[in-house]
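Commentary on secondary and tertiary structure
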Amino acid sequence: MADEVLSNDATSAARADMKFEIAVIPVSDVDRAKEFYGGKLGWRLDADYDSGSDFRVIQFTPPGSGCSVIFGKNVTGATPGSAQGLYLIVSDIAATRTELLGQGVEVSEVFHNEGVYAGPDEPYLFGRLRVRGPDPEHRSYRSFASFRDPDGNGWLFQEITTRLPGRVAGDTRYASGSDLASALRRTAAAHGEHEKRTGGQRDENWPDWYAEYMVREQAGEALPQ
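Residues numbered from 1 in each chain as written. Predicted model: local features only at pLDDT ≥ 70, side-chain atom pairs only at ≥ 80, totals over all residues. Heavy atoms only, no water.

**Looking at the environment of Thr-76**
Among the structural elements, Thr-76 can be located in the loop between strand E4 (68–73) and strand E5 (86–90). Assessed through its relative accessible area of 38%, Thr-76 is described here as partly exposed. Counting along the chain gives 49 residues from Thr-76 to Val-27, while the straight-line C-alpha distance between them is 9.1 Å. (Helix = DSSP H or I, 4+ residues; strand = E, 2+ residues; numbered from the N terminus. Buried < 20%, exposed > 50% of the residue type's maximum accessible area, 1.4 Å probe, protein only.)

**Some points on the nonpolar core**
Tyr-37, Phe-71, Phe-147, Trp-155 and Phe-157 are the most contacted members of the largest nonpolar core, which has 25 residues in total. At the level of elements, helix H2 (30–40), strand E3 (56–61), E4, E5, helix H3 (93–102), strand E8 (144–148) and strand E9 (154–159) are the ones that each hand at least two residues to this core. The dominant element in this core, judged by the number of residues it contributes, is H2, at four residues. Ignoring any residue separated from it by four or fewer positions in sequence, one finds Phe-157 in contact with Leu-88, Val-90, Ile-93, Thr-96, Leu-100, Val-107, Ser-143, Phe-144, Ala-145 and Phe-147. (Core = buried A, V, L, I, M, F, W, Y, C linked by side-chain atoms within 4.5 Å. Contact = heavy atoms within 4.5 Å.)

**A short note on the sheet that holds strand E2 (residues 44–50)**
Here four strands make up an open sheet; going across it, the order is E1-E4-E3-E2 and the pairing mixed. Lying at the two open borders of the sheet, with one neighbouring strand each, are strand E1 (22–24) and E2. Adjacent strand axes in the sheet meet at a mean angle of 20° when their direction is disregarded. In this structure, E3 lies alongside E4, joined through five bridges in antiparallel fashion. If you follow Arg-56 over to E4, its bridge partner there is Lys-73. The sheet strands contacting H2 are E2, E3 and E4, and the helix crosses E3 at an angle near 10°. (Pairing = 2+ DSSP bridges. Axes fitted to C-alpha atoms, helices over the stretch in contact; angles between N-to-C directions.)

**Brief notes about the pattern of salt bridges**
Per the stated rule, a full pass over the model turns up eleven salt bridges. When the shortest N-O distance is used, the salt bridge between Arg-44 and Asp-46 registers 2.5 Å. Residue classification places Arg-44 among the exposed positions, given a relative accessible area of 52%. Residue Asp-46 is classed as partly exposed on the basis of its relative accessible area of 31%. (Salt bridge = Lys/Arg side-chain N within 4 Å of Asp/Glu carboxyl O.)

**Quick notes on the packing of aromatic side chains**
Here a ring pair, both rings aromatic, is described through the centre-centre distance and the interplanar angle of the planes. This model, assessed by the stated rule, comprises 14 aromatic pairs. Where Phe-111 meets Phe-144, the ring centres are 5.8 Å apart and the plane angle is 20°; that geometry is what we call stacked. Separated by 33 residues along the polypeptide, Phe-111 in strand E6 (residues 111–112) and Phe-144 in strand E8 bring together distant segments of the chain. Given the relative accessible area of 0%, Phe-144 is considered buried. For the ring pair Trp-209 and Tyr-213, a centre distance of 5.3 Å and an interplane angle of 20° mean the geometry is stacked. Of this pair, Trp-209 and Tyr-213 both sit in helix H5 (residues 206–219), four residues apart, roughly one helical turn. (Phe/Tyr/Trp six-rings, centres within 6.5 Å; stacked < 30°, edge-to-face > 60°.)

**A look at the pairing of E3**
As paired elements, E2 and E3 share six bridges and run antiparallel to each other. Across the sheet, residue Leu-45 finds its bridge partner in E3, namely Phe-60. Here E2 folds back onto E3, and the loop between the two strands holds five residues, one of which, Gly-52, carries a positive phi near 90°. As consecutive antiparallel partners, E3 and E4 are separated by six residues, and within that stretch Gly-64 has a phi angle of approximately 80°, a positive value.

This is the structure:
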């Protein structure tokens with residue numbers, strides 16, 4: 001009976017919403033970091049609290065993100081620049097890179113890998129040997145670009161257009177207008193192929209087809225044909 005109670009309690013705890021909303025990054029110069037994340041990256045400034053003596057905390061949120069970063073004075077004891085492998089998910093990595101280069105941010109070339117898990121490059125999810133250019137098949141999760149903040153904290157852009165099964169639960173949501181626009185463009189292209197397969201006639205039920213495609217794409221389910 002005791003084991004059964006513990007099991008039920010664990011199941012209940014696992015089902016409770018736990019929204020990851022804050023990541024702490026260590027910086028050496030708070031004002032320099034504030035200018036980088038707000039001025040160059042254009043992230044939203046949520047808070048800048050200064051006690052006037054020994055404590056200051058700044059919070060920024062990337063566009064379309066449900067998670068924010070904080071940094072400041074006496075916020076963390078970690079070594080400045082030691083935060084690495086921080087992922088930023090984008091739906092169009094080439095467009096994102098172009099935008100940030102125009103804002104004066106040094107962003108690496110887009111890269112992928114060929115399943116090599118050893119090599120001289122910095123580690124990231126799919127290996128240590130970076131291959132120039134996006135994934136040849138433009139598969140979701142497989143194209144990256146990287147940049148660093150002034151202290152050397154390392155960020156990775158990862159392009160995701162279709163989620164793997166089980167990654168999204170509940171309502172279909174898009175984090176920003178640009179993400180929704182990208183999803184609509186992909187759906188329109190797929191629907192064009194659908195109309196070709198059905199004889200080239202206008203599909204009067206296209207809203208239903210669009211809706212089903214977009215819900216399935218975000219949930220990582222089999223797409224309609």
